[in-house]
Amino acid sequence: MKQFILALFLSGIFGAAAVAQKEIFLYPDMQTPTPKDDILRSVSSPSITVWLPAAEIADGKAVIVCPGGGYGALMMEREGHRIAREFNKSGIAALVLKYRLPDKSKNVDQSSWPLQDAQTAIKTVRQRAGEWKVDPNKIGIMGFSAGGHLASTAGTHYDKPAIKNPEGVNIRPDFMILVYPVVSFQDYLGHTGSRANLLGDVQTKERIDLYSNELHVSKTTPPTFLTHGSNDATVKVGNSIVFYEALTQNGVPAEMHIYADGKHGYGQKPPFDEWFGRC
C-alpha cells in the first residue's frame, strides 16, 4: 500500500512537471526535436518552453526569457530554464525562448530572425493567455547578454513588426529585464561578436544604427530593470548606462543596479539571490 501511494504521489509530481515544461514550436513547418543540451548551437527550429507556476501561487505575470550566447549559441540552462524555475517559485509564469541563430551557410539576410521569433513569442503568449492563466497586460521579456540585445530590440522595435500579424495582436512587451545586456552595436560600446553574428558581412552605418537600441527609446518604451557589472570585460557596462539614460530622458520608469564586482555571466558575484531578488 505504501509503495502504491508513493507511486501515485510521484506520478502526480512528474505529471505536473511535464505540463509545466511543454515545448511549443513557433512555426508549424519548422519543428525538429530540441536536444537536451545546456548550450545549443545552429538553432533553426524556434520554440518556447512553457514553465507554469503552481495554480495556488500564480499571480498572472509572465516573462519570456531570452538566453544569451552572442547570437552564436544559446545558454539554455544557465540563462533559461534555471531562471524559469526561479520565477515559478514566485508565482510567475516563464517561457524560455529558443530563437533562431544566424547560419553563415545560408546566403540570405538573417538579422531579423531573432526579432521575428521574439515577436512571435509575445504574440503567442498573448493569444494563449487564458489557457495559461496569464494576464495579457503583464507579459514582459527578459534577456541575458545577446539575449538582452534581443529583448531590448523587442522593447524598442515593437512598432516595426518583423512578422505578419493580421489579428493585430499587441507585440509590445509590458516590461523588460536586461541582465548584462548587449544594447548597442556602436564601435565604442558594441560587442563585436554579437554584431558580426547578427549582421554578417553587411555592417553598414544604417544597419548598425538600426540595432543600436539606445537610439530607439521613446516615451512608450516599456519600463525596464537593468543589472550589470562594472568589471564586465565582455560586454561593457556602458551598454546598460546609455540605455538607462535614454529611458530616463524619455520619462520611462527604469531601475539599474551596477555591481563593482560582476563579471560577465554573473558567477559567484553578485550572488544569484542578490540580483535576482532585486529583479
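Residues numbered from 1 in each chain as written. Predicted model: local features only at pLDDT ≥ 70, side-chain atom pairs only at ≥ 80, totals over all residues. Heavy atoms only, no water.

Caption draft 1: Representation of the sheet that holds strand β1 (residues 22-25). In spatial order, the strands read β1-β3-β6-β4-β7-β8-β9-β10; together these eight strands make up an open sheet with mixed pairing. A single partner strand is all that each edge strand has here, and the edge strands are β1 and β10 (254-259). Each neighbouring strand pair of the sheet contributes to a mean axis angle of 20 degrees, computed without reference to strand direction. Direction of pairing for strand β4 (residues 62-66) relative to strand β6 (residues 93-98): parallel, over a ladder of four bridges. Each bridged residue has a counterpart across the sheet, and for A62 the counterpart in β6 is A93. Contacts from helix α3 (residues 113-127) reach β3 (47-51), β4, β6 and β7 (139-144) within the one sheet, and its direction differs from that of β6 by about 150 degrees. Sheet strands in contact with helix α4 (residues 146-156) are β4, β6, β7 and β8 (176-179), and its direction is about 150 degrees off that of β7. (Pairing = 2+ DSSP bridges. Helix = DSSP H or I, 4+ residues; strand = E, 2+ residues; numbered from the N terminus. Axes fitted to C-alpha atoms, helices over the stretch in contact; angles between N-to-C directions. Contact = heavy atoms within 4.5 Å.)

Caption draft 2: Highlighting the packing of α3 against α4. For the pair α3 and α4, the least separation of the axes is 10 Å and the interaxial angle reads 65 degrees. Taken as a pair, α3 and α4 cross one another with a handedness that is right-handed. Of the residues in α4, those touching α3 at P114, L115, A118 and I122 are L150, T153 and A154. Among the residues forming the contact of α3 with α4, the class breakdown is six nonpolar, one polar and no charged. (Left-handed = near helix turned anticlockwise from the far one by under 90°. Nonpolar A, V, L, I, M, F, W, Y, C, P; charged D, E, K, R; others polar.)

Caption draft 3: Just the pairing of β3, in detail. Across the five residues of β3, five count as buried, placing the element largely inside the fold. In the sheet, β1 pairs with β3 via four bridges, with the strands oriented antiparallel. Each bridged residue has a counterpart across the sheet, and for E23 the counterpart in β3 is T49. One ladder, built from five bridges, connects β3 with β6; its direction is antiparallel. Paired with V50 across the bridge in β6 is L95. (Buried < 20%, exposed > 50% of the residue type's maximum accessible area, 1.4 Å probe, protein only.)

Caption draft 4: Spatial organisation of the pattern of salt bridges. Summed over the entire model, instances satisfying the criterion amount to 14 salt bridges. Among the salt bridges present, the one from K61 reaches D59, with a minimum N-O distance of 2.7 Å. You can call K61 partly exposed: its relative accessible area is 31%. Note on D59: relative accessible area 33%, which makes it partly exposed. For R207, the salt bridge identified is with D109, shortest N-O distance 3.3 Å. (Salt bridge = Lys/Arg side-chain N within 4 Å of Asp/Glu carboxyl O.)

Caption draft 5: Local environment of the environment of R128. With respect to the element layout, R128 can be found in the loop between α3 and β7. Take R128: its relative accessible area is 24%, and that puts it in the partly exposed class. Residues R128 and I208, spaced 80 residues apart in sequence, show a C-alpha to C-alpha distance of 35 Å.

Caption draft 6: Layout of unusual backbone geometry. Across the junction of K269 and P270, the peptide omega takes the value -10 degrees, indicating a cis bond. Structurally, P270 is set in the loop between β10 and α8 (272-278). Despite not being glycine, K133 has its phi angle at roughly 60 degrees, a positive value. Looking at the element boundaries, K133 is found in the loop between α3 and β7.

Caption draft 7: Highlighting the state of the cysteines. Tallied over the entire structure, the rule returns zero disulfides. Of the cysteine sulfurs around C66, a residue in no disulfide, the closest is that of C279, at 13 Å. We classify C279 as partly exposed; its relative accessible area is 29%. (Disulfide = S-S within 2.5 Å.)

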